[in-house]
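Chains, contacts and geometry: an overview
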Amino acid sequence: MSVDLADAMGQLALEPKQFLGIPIALVGACFLSVGAQLQHHGVAKVEATTPDMAGGGLSGQQLLLLLRRPSWVIGTLMLGLAIVFQLVSLFLSPLIVVQPLGAVALVITAILNARVSHVSLNRSSIIAICLCVGGVGAFVLIAAFFARELPVTDRDLILILIILAVVLIVFGGLFFFLRSRFKALMYIVGAGVLYGFVATLAKVTIARLVQQQVDWLLVLCILSLLTAAALGAYFVQNAYSAGPPDLVIAGLTVIDPVVAVTIGIVILGEASQAPLWAGIGFVVTGAIAIYGVFLLAKYHPQSVDATPTLEAVATKAADTVRPSGLD
């Protein structure tokens, strides 16, 4: 048995130092879950005090009011720490290994939200969470054996930036014309896709800075990263106002890594040496995790299926705030 284990460990694609990125990513996931819960609470309190502004996304005034909510500010700082830990993990390990580990935040957030909101998860929600975490966990296990970190060429980076530009135009246009019809899942999908590009561009930026490869592509990469992060953050705040925090985290920790990993596999070639069965495994496990997100959106006890009225939004926000004990 010990010989078989040694042989398996010898087949791992990761170097010993690259395994350090895994615990660092897990610590970042903890900060992500707590920060998300605090931000959701801050958004709920702002909406409870400004029910006349409900609908069509958060207004500029509501965004300014968030800065006056201690819970939202503290949550934002914790999310900032989560980003720092994520960047360190990306520096140490291949993107397709550490990026999916954020799914751990889903479990923590589900437990926190159930305690804070006094709403117990139903059986379908628990199954959905298990599908999300199980799918992502299996994905990481496969990636640990076949992931290879390769340098990003100028051609690869230009292709990523072109695809991101198309994504920004599509989601920006959808939000501009259909913002009154946007629901939590739409915001979550948009934020997850954008953050997937943010993680990829962050990985590229770190590599180029370490190699002292400063050129116009690096500047464009950083500007694109900041633009995608800003729009993604706005989508996340709107998702908090339309759905529970564990649903938001489910979308981000599944859709985000699926997008980032797809880029890593298709464009960056991080799984170029993986056999056919591993490729099938990536598709199947990713599909299971994404199905879990849609299942959670449909059956979560705090999800809102229909477009709420202004009064319903105010009531929902107020009900969320009272029992929380935060802020």
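The numbers attached to residues start from 1 for each chain and follow its sequence in the written order. Where totals are concerned, whole chains, interfaces and linings use all residues; where local detail is concerned, this predicted model gives features only for residues with pLDDT of at least 70, and gives and counts side-chain atom pairs only at 80 or more. Water and hydrogen atoms were dropped before computing side-chain values, which therefore reflect all heavy atoms in the structure.

Okay, the packing of aromatic side chains next. Only the six-membered ring of Trp is used, alongside the rings of Phe and Tyr, when aromatic pairs are assigned; centres must lie within 6.5 Å, and planes under 30 degrees apart are stacked while those over 60 apart are edge-to-face, with the rest tilted. In the structure shown here, the tally under the stated rule is three aromatic pairs. Ring geometry for Phe31 against Phe85: centres 5.5 Å apart, planes inclined by 25°, an arrangement best described as stacked. Pair noted here: Phe31 is in helix α2 (residues 21-49) and Phe85 is in helix α4 (residues 70-92), with a separation of 54 residues, a long-range link. Relative to Phe235, the ring of Phe171 has its centre 6.5 Å away and its plane inclined at 70°; by these criteria the two rings are edge-to-face. Taken as a pair, Phe171 in helix α8 (residues 154-178) and Phe235 in helix α10 (residues 216-242) lie far apart in primary sequence, 64 residues in all. Exposed residues in this analysis have more than 50% of their type's maximum accessible area, buried residues have under 20%, and partly exposed residues fall in between, with area computed by a 1.4 Å probe over protein chains only. With relative accessibility at 13%, the residue Phe171 sits in the buried group. Here the aromatic cluster, defined as three or more aromatic residues joined through ring pairs, consists of Phe171, Tyr187 and Phe235. Helix and strand assignments follow DSSP, with helices taken as H or I runs no shorter than four residues and strands as E runs no shorter than two, numbered in order from the N terminus.

We call a set of buried residues a nonpolar core when its members are Ala, Val, Leu, Ile, Met, Phe, Trp, Tyr or Cys and they connect through side-chain atoms within 4.5 Å of each other. In this structure, Phe197, Leu201 and Phe235 are the most contacted members of the largest nonpolar core, which totals 74 residues. A total of 12 residues in this core trace back to one element, the largest contributor, which is helix α9 (residues 184-210). The residues touching Phe235, leaving out its near neighbours within four places in the chain, are Phe171, Phe175, Tyr187, Gly190, Ala191 and Leu194. Residue contacts are counted whenever heavy atoms from the two residues lie within 4.5 Å of one another.

Next up on the list: a nonpolar patch on the surface. On the surface, Ile158, Ile162, Val166, Val170, Trp216 and Leu220 cluster together into a nonpolar patch covering about 570 Å² of accessible area. If you list the elements that add at least two residues to the nonpolar patch, you get α8 and α10. Of all the elements, α8 adds the most residues to the nonpolar patch, at four residues. Assessed through its relative accessible area of 48%, Val166 is described here as partly exposed. Like charges within 9 Å and nonpolar side chains (Val, Leu, Ile, Met, Phe, Trp, Tyr) within 5 Å are joined into patches, using only residues over 30% in relative accessible area that form no salt bridge. To be clear on the numbers: accessible area is Shrake-Rupley with a 1.4 Å probe, and residue cover counts the displayed protein chains and nothing else. Each salt bridge in this description consists of a side-chain nitrogen of Lys or Arg and a carboxyl oxygen of Asp or Glu lying within 4 Å of one another.

Glancing now at α8. Expected helix span is given by 1.5 Å per residue-to-residue step, counting one fewer step than there are residues. The end-to-end C-alpha distance of α8 is 36 Å, a good match for the 36 Å that 25 residues give at a rise of 1.5 Å each. Considered for burial, the residues of α8 that qualify are Asp156, Leu157, Ile160, Leu161, Leu164, Val167, Phe171 and Phe175.

Time to look at the packing of α2 against helix α6 (residues 104-117). Where α2 meets α6, the closest approach of the two axes is 8 Å, and the angle between their N-to-C directions is 30°. For the element pair α2 / α6, the angle class is roughly parallel. The handedness of the crossing between α2 and α6 comes out as right-handed. In contact with Leu26, Ala29, Cys30, Leu32, Ser33, Val34 and Gln37 of α2, α6 contributes Val104, Ala105, Ile108, Thr109, Leu112, Asn113 and Val116. Looking at the contact of α2 with α6, its residues break down into 10 nonpolar, four polar and no charged. Note on method: axes are straight lines fitted to C-alpha atoms, helices fitted across the in-contact stretch only, with angles between N-to-C directions ranging 0 to 180 degrees. These descriptions rest on fixed angle ranges, namely under 35 degrees for roughly parallel, over 145 for roughly antiparallel, 65 to 115 for roughly perpendicular, and the rest for oblique. Crossing chirality is assigned from the near helix's rotation relative to the far helix, an anticlockwise turn below a right angle marking it left-handed and a clockwise turn marking it right-handed. Each residue is assigned to one of three groups, with Ala, Val, Leu, Ile, Met, Phe, Trp, Tyr, Cys and Pro labelled nonpolar, Asp, Glu, Lys and Arg labelled charged, and all others, Gly among them, labelled polar.

What follows covers the packing of helix α11 (residues 245-266) against helix α12 (residues 276-299). Interhelical geometry of α11 versus α12 gives an angle of 155° and a closest axis separation of 9 Å. Regarding the angle of α11 to α12, the classification is roughly antiparallel. Judged by the sense of rotation from one axis to the other, the crossing of α11 with α12 is left-handed. Touching Asp246, Leu247, Ala250, Gly251, Val254, Val258 and Ile265 of α11 are Phe282, Ala289, Ile290, Val293, Leu296 and Ala297, all from α12. Here the contact of α11 with α12 is built from residues that sort into 11 nonpolar, one polar and one charged.

So, on to unusual backbone geometry. With a phi angle near 55°, Gln212 is a residue other than glycine that sits in the positive phi range. Along the polypeptide, Gln212 turns up in the loop between α9 and α10.

This next bit is on the environment of Leu157. Tracing the chain through its elements places Leu157 in helix α8. With 63 residues separating them along the chain, Leu157 and Leu220 place their C-alpha atoms 9.9 Å apart. In this structure, Leu157 is in contact with Val152, Leu201, Val204, Arg208, Leu217 and Cys221, ignoring residues within four places of it in sequence.

As a further point, take the pattern of salt bridges. Tallied over the full model, the rule gives three salt bridges. The partner of Asp154 in a salt bridge is Arg208, with the nearest N and O atoms 2.5 Å apart. On the criterion of sequence distance, the pair formed by Asp154 in helix α8 and Arg208 in helix α9 is long-range, its members being 54 residues apart. Here Asp154 falls in the partly exposed class, since its relative accessible area comes to 36%.

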